[in-house]
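For reference, the chains in residue letters:
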Amino acid sequence: CSDGKQRYDNSFMSMSMSMSDDEVDDFGIRMVNSDKLKAGPSKIKICVADTGYDLGHPDLPNASNHGVDGWDKKFRNQHYKWYEDEVGHGTHVAGIIGAIGNDYGVTGVLEDPDSFSFFISVAIPGGTAYLSHVLHALSECVKSGAKIINMSYGHYYPSTIEEDFHRYLYEQ
């Protein structure tokens, strides 16, 4: 633009984001060019290291039909099950990645659940965690055979321990 300001195509943002019988094609999904992704010869395992996964969500792959699996977190007499999400963040992230193309809810980047499988690792139960919990959850992702790990968290200070551990896991 001549005035130096960025312009956005408002037609993307004008659609309703309500849950209805029609599936919403979220403008963000199109912005990452998901329509150009091609399925490989075999399923890819994607790990979501987050708060959990709502296994009963109608817009997400399930364990019986799509092989969703996970790792539970036990901490201080609490048992955080991978297939429950008391915060909802892990479920939201999983939906961005792989909401099923089923004429309901939203479209994920990978809308065909036959092209991938989820492994859910409870890294941040209740929304907060120690770094040791997160690193353990990430190692469970690697043990599961995940080729992609989504980590949607942050903290205030950089950690050389975390950086070294990420490098170590990458080299596995």
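This text follows the structure it describes.
First, a word on scope: everything that follows refers to the structure included in this document.

Thresholds applied
Residues numbered from 1 in each chain as written. Predicted model: local features only at pLDDT ≥ 70, side-chain atom pairs only at ≥ 80, totals over all residues. Heavy atoms only, no water. Pairing = 2+ DSSP bridges. Helix = DSSP H or I, 4+ residues; strand = E, 2+ residues; numbered from the N terminus. Axes fitted to C-alpha atoms, helices over the stretch in contact; angles between N-to-C directions. Contact = heavy atoms within 4.5 Å. Phe/Tyr/Trp six-rings, centres within 6.5 Å; stacked < 30°, edge-to-face > 60°. Disulfide = S-S within 2.5 Å. Buried < 20%, exposed > 50% of the residue type's maximum accessible area, 1.4 Å probe, protein only. Parallel < 35°, antiparallel > 145°, perpendicular 65-115°, else oblique. Nonpolar A, V, L, I, M, F, W, Y, C, P; charged D, E, K, R; others polar.

Description of the sheet that holds strand S1 (residues 44–50)
Moving on, step 1. Strands sit in the order S2-S5-S1-S6 across an open sheet of four strands; the sheet is parallel. The strands lining the two open edges of the sheet, one partner per strand, are strand S2 (69–71) and strand S6 (148–151). Strand-to-strand twist in this sheet, taken as the mean axis angle between neighbours without regard to direction, amounts to 20 degrees.
Moving on, step 2. In this structure, S2 lies alongside strand S5 (residues 116–122), joined through three bridges in parallel fashion. Residue pairing across strands places tryptophan 71 opposite serine 121, the latter belonging to S5.
Moving on, step 3. Together, S1, S5 and S6 form the strand contacts of helix H3 (residues 89–98), whose direction differs from that of S1 by roughly 155 degrees.

Details of the packing of aromatic side chains
Aromatic ring pairs are reported here in terms of the distance separating the ring centres and the angle at which the planes meet.
Moving on, step 1. What the rule picks out here adds up to five aromatic pairs.
Moving on, step 2. Taken together, Tyr53, Phe116 and Phe118 form an aromatic cluster joined through their ring pairs.

Examining the state of the cysteines
Moving on, step 1. This model, assessed by the stated rule, comprises one disulfide.
Moving on, step 2. Covalently, cysteine 47 is tied to cysteine 141 through a disulfide, its sulfur atoms 2.0 Å apart. Of this pair, cysteine 47 sits in strand S1 while cysteine 141 is found in helix H4 (residues 131–143), placing the two residues 94 residues apart along the sequence. One exposure class covers both cysteine 47 and cysteine 141, and it is buried.

A look at the packing of H4 against helix H5 (residues 160–170)
Moving on, step 1. Across the interface, H4 lies against H5 with an axial gap of 11 Å and an inter-helix angle of 5 degrees. Regarding the angle of H4 to H5, the classification is roughly parallel. Here Leu131, Leu135, Leu138, Ser139 and Val142 of H4 come into contact with H5, specifically with Ile161, Glu162, Phe165, His166 and Leu169.
Moving on, step 2. Its residues assigned to classes, the contact of H4 with H5 comprises seven nonpolar, two polar and one charged.

Read these as geometric descriptors, not functional statements.
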